[in-house]
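Spelled out, the chains give:
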There are 2 protein chains.
Amino acid sequence: MNRKFLFAKTVIQKAGIFIKEQMQHDFLIEEKADETDLVTSLDKQCQAMMIEAIRDAYPDDHFLAEEDDIRHLISKGNVWVLDPIDGTVNFIAQGDHFAIMMAYYEEGVGQFGLILDVMRGILYAGGGQFDVYANDTRLEPYQQRDFKRCLVGVNAQMYLENTAGIRDFTALALGVRIYGGAGISMTQVMSGKLLAYFSNIAPWDYAAAAIMGEKLGYSLLTVNGEKPDFKTRQQVMFVPTKALGVIQSLVH
Amino acid sequence: MNRKFLFAKTVIQKAGIFIKEQMQHDFLIEEKADETDLVTSLDKQCQAMMIEAIRDAYPDDHFLAEEDDIRHLISKGNVWVLDPIDGTVNFIAQGDHFAIMMAYYEEGVGQFGLILDVMRGILYAGGGQFDVYANDTRLEPYQQRDFKRCLVGVNAQMYLENTAGIRDFTALALGVRIYGGAGISMTQVMSGKLLAYFSNIAPWDYAAAAIMGEKLGYSLLTVNGEKPDFKTRQQVMFVPTKALGVIQSLVH
């Protein structure tokens, strides 16, 4: 597993270099479900490159990936969950605040996750048998904090509509932040800069953080407190496991 | 003026080093107007240090500063507008995403502004007779963009309540972001990562960006389209001057 983890790090770093180079040039932007659901030609090229590298090294492994409807069941065999550019809206509008994400599962059990904050050059990696690092800094597990000294990351629409009562919960905190991009937001939770994160996201958006978070005392659950299905887009929360009681008294 | 501008850069960089050192140790947190309006002992110490340095060099200059009710009229003489820690909530909850800000006015006319993103080590400085730089990179003036490919920075409360119609305007864009901290948010506007920014803020929160922004094609106005008063907290917008027509058809 150690070799596979090191291999994954080289794949994600190469993908990061590819994106940083290619974003200097023109690329194609297309709409998916609606005018704010965007994909670029770089998302697709980057994903294809990552899959090719993994297939070369591990020809029997499977994929659950954002682009091109690659949807292997998470529970069957060795599965790589890939998001070539997470936070595509930030990527397009800002050229910043986006991430590349990888997660590796065996028979439905998370082995390690990786999130690369491309423009900051910070790789968050670990989970399973591995401690979680942000580059060379080992991340500390969640420590109980006064909610009134904490900020909560939210999805704009869910905040506006008080979906599942999340605004009631954020009222216990010092305020909310909307960064856009699940990957970047969840790195802020893992590094203690946000208390929790709520959004409406897909398996490739939450898989890596779910594995790393578990190691650090965070739970990735639907707003109803269930395990996410690793199939559809769901309203999920990434929250300190120790705070689940309080959170679930307000969020459901 | 060139000497004064260089002097201001040394003052803000020293203040940044002071904050980075001191934040490693315990510091006092106090509530001002309410439980989310916070100030730390470092805000006060840092401001006192900056004022002392400026007084030593320019004994006849005046101050309009956030802490300790230092409120010289912007229109009279040489006035330094200081915010020792902008984004105090981020500073306390995240140890990140906060800024130090300085602006220098003569008889009410902005001469230069400075915003130091302390944790990223990026100094935004310029305005008046000086081009605006982010460290060694000269910032480009605003260029007309498709709103549907842009993000807008907002204050959470104003967004929630659609204050002055700002949510109607943000509906023209790709989405909203809430970063907290006027300084950090307005650096994102000046570097083209946000189209515009709306918040309810005080003179020391907007003075530096107002001066630099003018040089880059942005206007700092109240949501009613007036010059801010440099006295009270007001609902203001920091927006591309070329887009003022469209914005004012929705925001007022």
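The following refers to the structure shown. The structure presented is a predicted model; accordingly, all values stated were derived computationally and were not measured. Sequence order as written defines residue numbering, which begins from 1 separately in each chain. The lettering of chains begins at A and the numbering of ligands begins at 1, in the order of writing. Reporting of local features is limited, given that this is a predicted model, to residues whose pLDDT is at least 70; pairs of side-chain atoms are given and counted only at 80 or more, and all residues count toward the totals for whole chains, interfaces and linings. Hydrogen atoms and water are omitted, and side-chain values are computed over all heavy atoms in the structure.

1. Comments concerning the relation of the copies chain B and chain A
Here is step 1 of the chain: Residues reaching a pLDDT of at least 70 in both copies supply the C-alpha atoms on which the copies are superposed by least squares. In the superposition of chain B on chain A (RMSD 0.0 Å, axial shift 0.0 Å), the rotation amounts to 180°. Seen this way, the second copy is the image of the first under a two-fold rotation axis. Closest approach to the rotation axis among the C-alpha atoms of chain B is made by B:I178, whose C-alpha sits 2.3 Å away.
Here is step 2 of the chain: By definition, residues are in contact when any of their heavy atoms lie within 4.5 Å. An overlap of 100% is found between the interface residues of chain B and their copies at the interface of chain A, pointing to a shared contact surface.

2. Describing the packing of helix α1 (residues 2-22) of chain A against helix α2 (residues 41-57) of chain A
All names here are of chain A.
Here is step 1 of the chain: Interaxial angles span 0 to 180 degrees and are taken between N-to-C directions of axes, which are lines fitted to C-alpha atoms, for helices over the stretch in contact. A helix here means a DSSP run of H or I that spans at least four residues, while a strand means a run of E at least two residues long, and both kinds are numbered starting from the N terminus. In the contact formed by α1 and α2, the axes pass within 10 Å of each other and the chain directions differ by 155°. As judged from the angle between their axes, α1 and α2 are roughly antiparallel. Both α1 and α2 take part in a crossing whose hand is right-handed. The residues of α2 that touch α1, namely those facing F7, V11, K14, A15, F18, I19 and Q22, are L42, Q45, C46, M49, M50, A53, I54 and A57. Here is the rule for angles: anything less than 35 degrees is roughly parallel, anything more than 145 is roughly antiparallel, 65 through 115 is roughly perpendicular, and the remaining ranges are oblique. Crossing handedness is read from the near helix: turned anticlockwise from the far helix by less than a right angle, it gives a left-handed crossing, and turned clockwise, a right-handed one.

3. A few points about the environment of A:Q24
Here is step 1 of the chain: Tracing the backbone shows A:Q24 in the loop between α1 and β1 (29-31).
Here is step 2 of the chain: Polar contact criterion, stated in full: a pair of N or O atoms within 3.5 Å, where within protein one must be able to donate a hydrogen and the other to accept it, and residues adjacent in sequence count only if both atoms are side-chain atoms. In terms of polar contacts, A:Q24 uses its side chain to reach the backbone carbonyl oxygen of A:K20, at 3.2 Å.

4. Comments concerning the interface of chain B and chain A
Here is step 1 of the chain: Across the boundary between the two partners, chain B contributes 31 residues, which contact 31 residues of chain A.
Here is step 2 of the chain: What counts as buried area is the accessible surface, traced by a 1.4 Å probe, that two parts surrender upon association, with contributions from both included. Summed over both sides, the interface between chain B and chain A buries roughly 2,700 Å², with carbon and sulfur atoms accounting for 58% of that surface.
Here is step 3 of the chain: Definition used for salt bridges: Asp or Glu carboxyl oxygen within 4 Å of a side-chain nitrogen of Lys or Arg. Joining chain B to chain A, the criterion identifies four salt bridges.
Here is step 4 of the chain: Salt-bridge contacts for B:E35 lead to A:K148; the nearest nitrogen and oxygen are separated by 3.5 Å.
Here is step 5 of the chain: Secondary-structure elements contributing two or more residues to the side of chain B that touches chain A are α3 (88-94), α4 (156-160) and β12 (175-177) of chain B.
Here is step 6 of the chain: Gly is placed with the polar residues, together with every amino acid not listed as nonpolar (Ala, Val, Leu, Ile, Met, Phe, Trp, Tyr, Cys and Pro) or charged (Asp, Glu, Lys and Arg). Taken together, the residues of the side of chain B that touches chain A sort by class into 15 nonpolar, seven polar and nine charged.

5. Observations regarding the sheet that holds strand β4 (residues 70-71) of chain A
Residue and element names in this part refer to chain A.
Here is step 1 of the chain: By definition, two strands form a pair when at least two bridges between them are found by DSSP. Pairing is mixed across the open sheet formed by eight strands, whose spatial order is β4-β3-β5-β6-β7-β8-β9-β10. Every other strand in the sheet has two partners, leaving β4 and β10 (137-138) as the edge strands with one partner each.
Here is step 2 of the chain: Both strand β3 (residues 62-65) and β4 contribute to a ladder of two bridges, which runs antiparallel. Among the inter-strand pairings, A65 is bridged to a residue of β4, identified as I70.
Here is step 3 of the chain: Running at roughly 155° to strand β5 (residues 78-86), α2 makes contact with β3, β4, β5 and β6 (99-106) of the sheet.

6. Let's talk about helix α6 (residues 182-190) of chain A
Here is step 1 of the chain: When a residue's accessible area, from a 1.4 Å probe over protein chains only, is under 20% of the maximum for its type it is buried; when over 50% it is exposed; and in between it is partly exposed. Counting buried residues in α6(A) gives nine out of nine residues, a clear majority hidden from the surface.
Here is step 2 of the chain: Where α6(A) is concerned, the buried positions are A:A182, A:G183, A:I184, A:S185, A:M186, A:T187, A:Q188, A:V189 and A:M190.

7. Examining the packing of aromatic side chains
All names here are of chain A.
Here is step 1 of the chain: In this scheme Phe, Tyr and Trp rings, the latter by its six-membered ring, pair at centre separations within 6.5 Å, and the angle between planes marks the pair as stacked below 30 degrees, edge-to-face above 60, and tilted otherwise. All told, the structure shown has 35 aromatic pairs over all chains when counted by the stated rule.
Here is step 2 of the chain: Centre to centre, the rings of F5 and F112 are 5.1 Å apart; their planes meet at 45°, and the pair counts as tilted. Linking F5 in helix α1 with F112 in strand β7 (residues 109-117), this pair joins segments that are 107 residues apart in sequence. Pair check on accessibility: F5 and F112 agree, each one buried.
Here is step 3 of the chain: Note on geometry: a ring has a charge over it if NZ (lysine) or CZ (arginine) is within 6 Å of the ring centre and within 35 degrees of the ring normal. In this arrangement the basic side chain of K4 is found over the ring face of Y58, its NZ or CZ atom lying 4.2 Å from the centre.

8. Description of the pattern of salt bridges
Here is step 1 of the chain: What the rule picks out here adds up to 18 salt bridges over all chains.
Here is step 2 of the chain: Among the salt bridges present, the one from A:K193 reaches B:D96, with a minimum N-O distance of 2.6 Å. Here the residue A:K193 occupies a position in the loop between α6 and β13 (196-201), and B:D96 occupies one in the loop between α3 and β6 (99-106), the pair thus bridging two chains.
Here is step 3 of the chain: Of the residues examined, B:D96 reaches a relative accessible area of 4% and is grouped as buried.
Here is step 4 of the chain: B:K44 is paired through a salt bridge with B:E30; the nearest N and O atoms lie 3.2 Å apart. Here the residue B:K44 occupies a position in helix α2 (residues 41-57), and B:E30 occupies one in strand β1 (residues 29-31), the gap between them amounting to 14 residues.
Here is step 5 of the chain: Here B:K44 falls in the partly exposed class, since its relative accessible area comes to 30%.
Here is step 6 of the chain: Connected via shared salt-bridge partners are A:D96, A:D117, A:R120 and B:K193.

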